[in-house]
Amino acid sequence: MYGLVVSARTLTTAAFQLRIMDGSIWEGDISTDWNVPGNWSGNAVPGAGDNVFIPDRDNDPMIGNSLVANAKTLTVASGAVLRLYTCTLIVNANLQVSGRVELLQSGSLLRVLGNVAWENGSSLYSPGSSTLECHGNWSFLSGSTFMPSGGTVRLLYNRDTYIQNHSLSTRF
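Let me sum up the structure you'll find in this document. Being a predicted model, the structure only gives us computed values, none of them experimental.

**Remarks on the nonpolar core**
Buried together is how nonpolar side chains tend to be arranged in soluble globular proteins.
Then comes step 1: Judged by nonpolar contacts, the single largest core of 30 residues is most densely connected at Trp34, Leu74, Leu89, Leu110 and Trp118.
Then comes step 2: Those residues within four positions of Leu74 in sequence are excluded, and the remaining contacts are Val52, Ile54, Leu82, Leu89, Val91, Asn94, Leu95 and Gln96.

**Here's the deal with the sheet that holds strand 10 (residues 109–112)**
Paired through their backbone hydrogen bonds, the strands of a sheet run either parallel or antiparallel.
Then comes step 1: Reading across the sheet, the 5 strands line up as 4-7-10-13-16 and stay open at both edges, with parallel pairing between neighbours. Sheet topology places strand 4 (68–71) and strand 16 (152–155) at the edges, where each strand pairs with a single neighbour. For this sheet the average axis-to-axis angle between neighbouring strands, irrespective of direction, equals 10 degrees.
Then comes step 2: As paired strands, strand 10 and strand 13 (residues 131–134) are joined by 4 bridges and run parallel to one another. Considered in strand 13, the bridge of Leu109 is made with Thr131.

**Some thoughts on a nonpolar patch on the surface**
Then comes step 1: Taken together, the side chains of Leu155, Tyr157, Ile163 and Phe172 make up a nonpolar region of the molecular surface, amounting to roughly 410 Å² of accessible area.
Then comes step 2: Looking at the element boundaries, Leu155 is found in strand 16.
Then comes step 3: The exposure class of Leu155 is partly exposed, given its relative accessible area of 36%.

Reading the values: rules and limits
Residues numbered from 1 in each chain as written. Predicted model: local features only at pLDDT ≥ 70, side-chain atom pairs only at ≥ 80, totals over all residues. Heavy atoms only, no water. Core = buried A, V, L, I, M, F, W, Y, C linked by side-chain atoms within 4.5 Å. Buried < 20%, exposed > 50% of the residue type's maximum accessible area, 1.4 Å probe, protein only. Contact = heavy atoms within 4.5 Å. Pairing = 2+ DSSP bridges. Helix = DSSP H or I, 4+ residues; strand = E, 2+ residues; numbered from the N terminus. Axes fitted to C-alpha atoms, helices over the stretch in contact; angles between N-to-C directions. Patch = residues over 30% accessible without salt bridge, like charges linked within 9 Å, V, L, I, M, F, W, Y side chains within 5 Å. Areas by Shrake-Rupley, 256 points an atom, 1.4 Å probe, with all protein chains shown as cover. Salt bridge = Lys/Arg side-chain N within 4 Å of Asp/Glu carboxyl O.

Pasting the structure below:
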């Protein structure tokens, strides 16, 4: 059970958003290594069934060393950076990016089995020969920057899907 109490000295109106996460939250208390349990809420590295939330932290997460990492859903918050170095990250459902994703080494693979949403202020940095693979819909909102300078983008699907672009800073 969750509750929220908001108090003010004067009568006012305001909008509040309460987000309750039921998965793994990146804390980065020990290092930048995705595979260290102490960097995660609950002291456990997320798996294929976990909803993963990456907030803006001093120690942004890094996946590397030929590791295969998994998540059910993945949200990269505004100001947060997720770095992939010669590894595979499989997101079994949806990816929502408000921060930055960096595919930094050849051989890195980001596979999303659901939909991908690049929000206002989000960006992708991909200078090498990495691969970004999407099995669902792609949305690029106004203010997102998606301009890979190298690598491969694969759109794989078995149903009616779409690419929706509202950003002048998107190209393939």
